[in-house]
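# What the coordinates show
Residue strings, one per chain:
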Amino acid sequence: MKARCRAGILSTRRIRIEFGDSPFTIRRIINRCTGQTVCMGGNQVFLIRLPSDVSEPVFVDRTISVAAAGDELRWILSDSTGQYRISCRVSVVDEEICFRIVADAPKPVWIV
């Protein structure tokens with residue numbers, strides 16, 4: 001089976017991720033080799049950590065835009081102030097589901 005993406009669902013021969021109505025919700029994750037559902041009704045959180053404030057992460061919890069095109073999903077997210085943003089591309093590459101994240105912040109970013 002060819003890897004594919006449609007309507008918030010990314011699927012390969014081994015795994016299927018069904019995202020919810022927002023980038024922060026996951027309807028389910030299925031191991032396609034066994035048929036087992038490994039996550040049902042999950043949530044994901046996006047954080048930005050700064051080297052100057054390692055213990056105080058910035059919660060990126062606002063959705064600016066969501067798009068699906070071809071074999072990928074694209075999200076642009078921000079924190080409540082709009083100063084911290086994440087651009088996230090989730091796609092199927094060589095039978096793997098890859099998250100590519102780029103952070104935009106007024107200060108240097110340590111980790112996302």
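Residues numbered from 1 in each chain as written. Predicted model: local features only at pLDDT ≥ 70, side-chain atom pairs only at ≥ 80, totals over all residues. Heavy atoms only, no water.

## Remarks on the packing of aromatic side chains
Operational definition: Each aromatic pair joins two rings of Phe, Tyr and Trp (for Trp, the six-membered one) with centres within 6.5 Å, and gets the label stacked for planes under 30 degrees apart, edge-to-face for over 60, and tilted for any other angle. Only DSSP runs of H or I covering at least 4 residues are called helices, and only runs of E covering at least 2 are called strands; the numbering of each starts at the N terminus.
The tally for this structure, following the rule as stated, stands at four aromatic pairs. Both rings, one in Phe19 and one in Phe99, keep their centres 6.5 Å apart while their planes meet at 65 degrees; by these two values the pair is edge-to-face. Here Phe99 lies in strand E11 (residues 96-104) and Phe19 lies in strand E3 (residues 15-19), a separation of 80 residues in the sequence. Plain terms: the ring middles of Phe46 and Trp75 are 6.2 Å apart, the flat faces sit at 75 degrees to each other, and that makes the pair edge-to-face. Here Phe46, found in strand E6 (residues 46-50), pairs with Trp75, found in strand E9 (residues 72-78); they are 29 residues apart in sequence, far enough to count as distant. One aromatic cluster is present, formed by Phe19, Phe24, Phe46, Trp75 and Phe99 through successive ring pairs.

## Thoughts on the pattern of salt bridges
We apply this condition: For salt bridges, the criterion is a side-chain nitrogen of Lys or Arg within 4 Å of an Asp or Glu carboxyl oxygen. With a 1.4 Å probe rolled over the protein chains alone, any residue whose accessible area is under 20% of its type maximum counts as buried; one over 50% counts as exposed, and the rest are partly exposed.
Considering all chains together, one arrives at eight salt bridges under this definition. A salt bridge links Glu95 to Arg13, with the nearest nitrogen and oxygen atoms 3.7 Å apart. Separated by 82 residues along the polypeptide, Glu95 in the loop between strand E10 (85-93) and E11 and Arg13 in the loop between strand E2 (9-11) and E3 bring together distant segments of the chain. Glu95 gets classed as buried once you look at its relative accessible area, which sits at 18%. Among the residues examined, Arg13 registers a relative accessible area of 53% and is labelled exposed. Among the ionic pairs, Asp61 bridges to Arg62, the shortest N-O distance being 3.1 Å. Overall, the relative accessible area of 39% leaves Asp61 in the partly exposed class. Residues participating in the shared-partner salt-bridge network are Arg16, Glu18 and Arg28.

## What to know about the environment of Asp104
Keep this limit in mind: Contacts were defined at the residue level, with two residues in contact if any of their heavy atoms lie within 4.5 Å.
Summarising the element assignment, Asp104 is placed in strand E11. Along the chain, Asp104 and Gln83 lie 21 residues apart, while their C-alpha atoms are 8.0 Å from each other. Contacts of Asp104, omitting those with residues within four sequence positions, involve Gln83, Tyr84 and Arg85.

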